[in-house]
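# Examination of the molecular architecture
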Amino acid sequence: MPFGSDARFGVYVHIPFCASRCDYCDFATWTDRDHLIDSYVAACVTDLDRRRAAGIPAATSVFFGGGTPSLIAADQLARILDAIPRVADAEVTVECH
């Protein structure tokens with residue numbers, strides 16, 4: 001699908017780490033793998049770098065969701081966000097628990 005100047009493009013970033021598991025949750029999340037957070041952030045950045053090189057459009061919105069995105073450090077969220085091409089007034093949302 002070609003993207004015009006008025007096209008909207010959203011990016012969802014799944015952060016699969018949680019402090020505790022909710023009974024109702026069906027998402028891929030873990031409560032015992034905090035040691036993988038740095039590697040996961042690096043993998044997200046690598047994936048986004050490849051997608052940017054392939055020509056993904058600038059995002060008009062970015063949503064961090066999944067487990068508990070606020071569980072990872074602000075600088076880690078910023079590393080991922082910095083790898084996402086965005087329009088100047090892009091909406092950025094982080095799900096918090």
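Cut-off values and rules
- Residues numbered from 1 in each chain as written.
- Predicted model: local features only at pLDDT ≥ 70, side-chain atom pairs only at ≥ 80, totals over all residues.
- Heavy atoms only, no water.
- Pairing = 2+ DSSP bridges.
- Helix = DSSP H or I, 4+ residues; strand = E, 2+ residues; numbered from the N terminus.
- Axes fitted to C-alpha atoms, helices over the stretch in contact; angles between N-to-C directions.
- Core = buried A, V, L, I, M, F, W, Y, C linked by side-chain atoms within 4.5 Å.
- Buried < 20%, exposed > 50% of the residue type's maximum accessible area, 1.4 Å probe, protein only.
- Contact = heavy atoms within 4.5 Å.
- Phe/Tyr/Trp six-rings, centres within 6.5 Å; stacked < 30°, edge-to-face > 60°.

Reading across the sheet, the three strands line up as S1-S2-S3 and stay open at both edges, with parallel pairing between neighbours. Only two strands of the sheet have a single partner each, and these edge strands are strand S1 (10–15) and strand S3 (86–94). Direction aside, the axes of adjacent strands within the sheet are offset by 20° on average. As paired elements, S1 and strand S2 (residues 59–66) share six bridges and run parallel to each other. Within the sheet, the bridge partner assigned to Val11 lies in S2 and is Val62.

Here we come to the nonpolar core. Across soluble globular proteins, nonpolar side chains have a tendency to be buried as a group. The biggest cluster of nonpolar side chains holds 18 residues, and the ones touching the most others in it are Val13, Ile15, Val62, Phe64, Ile72, Ile80 and Ile84. Looking at this core, the elements that each hand over two or more residues are S1, helix H1 (37–53), S2 and helix H2 (74–82). With five residues, H1 is the single largest residue contributor to this core. Excluding residues that lie within four positions of it along the chain, Ile72 makes contacts with Ile15, Phe17, Ile37, Val41 and Leu77.

Take the packing of aromatic side chains next. Scanning all chains against the criterion turns up two aromatic pairs. A ring pair is formed by Tyr12 and Phe63, whose centres lie 5.9 Å apart and whose planes are at 20°; its orientation type is stacked. Placement of the pair is Tyr12 in strand S1 and Phe63 in strand S2, with a sequence separation of 51 residues. Between Phe17 and Tyr40, the ring centres sit 5.5 Å apart and the planes meet at 90°, which makes this aromatic pair edge-to-face. With Phe17 in the loop between S1 and H1 and Tyr40 in helix H1, this pair connects stretches of sequence that are 23 residues apart.

Honestly, it's all geometry; don't read function into it.
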